[in-house]
Amino acid sequence: MSDQPFWAQEDHPKRPLRVENGIQIHSTRGTVARTWWSKRFLAVLESLGVGGRLHRGRSYARSGQIVSCEVDAGAVVALVQGTRPTPYKVRIGIPAWGKQEWSRAEQALADDAWYTATLLAGGMPTEIEELFAGLGLALFPTSQRDLAMDCTCPDGTVPCKHLAAVFYLLAERFDADPFEVLALRGRDRETLLANLRRRRGSTAAPEPVAEEAARPLGELLDAFYAAGELDLTRFTPAEPEPGALLDQVPELPIEVRGHKVRDLLRPAYRQLGE
């Protein structure tokens, strides 16, 4: 009989149970994050004292021990298979922004065409953190109070390897879809882009297509290379002003009865022009 108390006796294997079709990160070695926003996410965790313990879950994330992972406004909920038959439930919480915060954020994004164009193209503007900071908003957690972590496993260390595995998965998912970063703060891709289009007024009905442009291309080929009417009046030189030539002649150093020679000759040039 074992000398250990019953609650300390291990009745499960030390290696995690394998998962059929588990979610695993694609990075098999080296760093996980590739984009600036994903690297920034891991850097924030490091600054909060979390990143140094993330390596505990790297093998879990790479071997596909994550059963499921859902990102929603303010929370990430996942199931991670450990050494026991029942997967552990992992929850990571980040405060979502309210309606007023998102209204200010969306208006600021819509006011700058570059931000809107980058987001519509599926990217994350590099200065978006500074833009939000100017509104008193933080895209990523700024302190331990902005980051809640919980796992149903018996490990007392936070983050445990199950939480750490989900952080790695999040970093890679952020690489593939930056809108998941914004979804954590309360705006999914469809809602955000629709609101940006509306604020920029791009949802207005398109102008009617001209009748000529609506004709089939085959009917326009005969006249495709034909020149239109040429307005030659556009190239007719303007009548020179009488005496303009005098203005090109250097001023003579002499005067006649106190008058400049150029001024005395100007009436004669005007008469010749008539």
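What you are looking at is a predicted structure, and each value in this text was computed from that prediction instead of being measured.

(A) Structural detail: the overall build of the protein chain. The helix and strand inventory of the protein chain stands at eleven helices and six strands. Here the protein chain, with 274 residues, has 34% of them falling under the buried criterion. Sequence separation of at least 24 residues holds for 67% of the intrachain contacts in the protein chain that already meet a minimum separation of 6. Element-wise, carbon and sulfur atoms account for 53% of the exposed surface of the protein chain, whose accessible area totals about 17900 Å².

(B) Local environment of the pattern of salt bridges. Under the counting rule described, the total for this entry stands at six salt bridges. A salt bridge links Glu106 to Arg187; the shortest N-O distance between them is 2.7 Å. Of the two residues, Glu106 is situated in helix 3 (residues 99-111) and Arg187 in the loop between helix 7 (179-184) and helix 8 (189-200); the sequence distance between them amounts to 81 residues. An identical accessibility class is assigned to Glu106 and Arg187; each is buried. The partner of Arg173 in a salt bridge is Glu180, with the nearest N and O atoms 3.0 Å apart. Take Arg173: its relative accessible area is 24%, and that puts it in the partly exposed class. The class of Glu180 is buried, set by a relative accessible area of 15%. Overlapping salt bridges, with partners in common, bring together Glu106, Arg187 and Arg199 in one network.

(C) Molecular detail of the packing of helix 4 (residues 113-120) against helix 8. Running from N to C, helix 4 and helix 8 point in directions that differ by 145°, and their axes come no closer than 11 Å. As helix 4 runs across helix 8, the sense of the crossing is left-handed. Residues Ala113, Thr116, Leu119 and Leu120 of helix 4 touch helix 8, and the partners they reach there are Leu193, Leu196, Arg197 and Arg200.

(D) Region of interest: the pairing of strand 1 (residues 66-72). Of the strand pairs in this sheet, strand 1 and strand 2 (residues 75-80) are connected by six bridges, and their pairing is antiparallel. From the neighbouring strand, Val71 faces strand 2, where its bridge partner is Val76. Between strand 1 and strand 2, which follow one another and run antiparallel, lie two residues, and Gly74 among them has a positive phi close to 85°.

(E) Broad picture of the side chain of Glu106. Residue Glu106 is classed as buried on the basis of its relative accessible area, which comes to 2%. Leave out the neighbours within four places in its chain, and Glu106 touches Arg187, Leu192, Asn195, Leu196 and Arg199.

Criteria and cut-off values
Along each chain, residue indices are assigned from 1 in the same order as the chain's sequence is written. Given that this is a predicted model, residues contribute local features only at a pLDDT of at least 70 and side-chain atom pairs are listed and counted only at 80 or more, while totals for whole chains, interfaces and linings are drawn from all residues. As a rule here, side-chain values cover all heavy atoms of the structure and leave hydrogens and water aside. Strands are runs of DSSP state E lasting at least two residues, helices are runs of H or I lasting at least four, and both sets are numbered from the N terminus onward. Relative accessibility thresholds used throughout: buried, under 20% of the residue-type maximum; exposed, over 50%; partly exposed, between the two (1.4 Å probe, protein chains only). Should any heavy atoms of two residues lie within 4.5 Å, those residues are counted as being in contact. Note on areas: Shrake-Rupley with a 1.4 Å probe; residue coverage comes only from the protein chains shown. When a carboxyl oxygen of Asp or Glu lies within 4 Å of a side-chain nitrogen of Lys or Arg, that pair is called a salt bridge. Orientation is described by lines fitted to C-alpha atoms, with helices fitted over the stretch in contact, and by angles between N-to-C directions that extend from 0 to 180 degrees. Left-handed describes a crossing whose near helix is turned anticlockwise from the far helix by less than a right angle; the clockwise case is right-handed. Strands are treated as partners if at least two bridges between them are detected by DSSP.

That is the geometry; function is a separate question.
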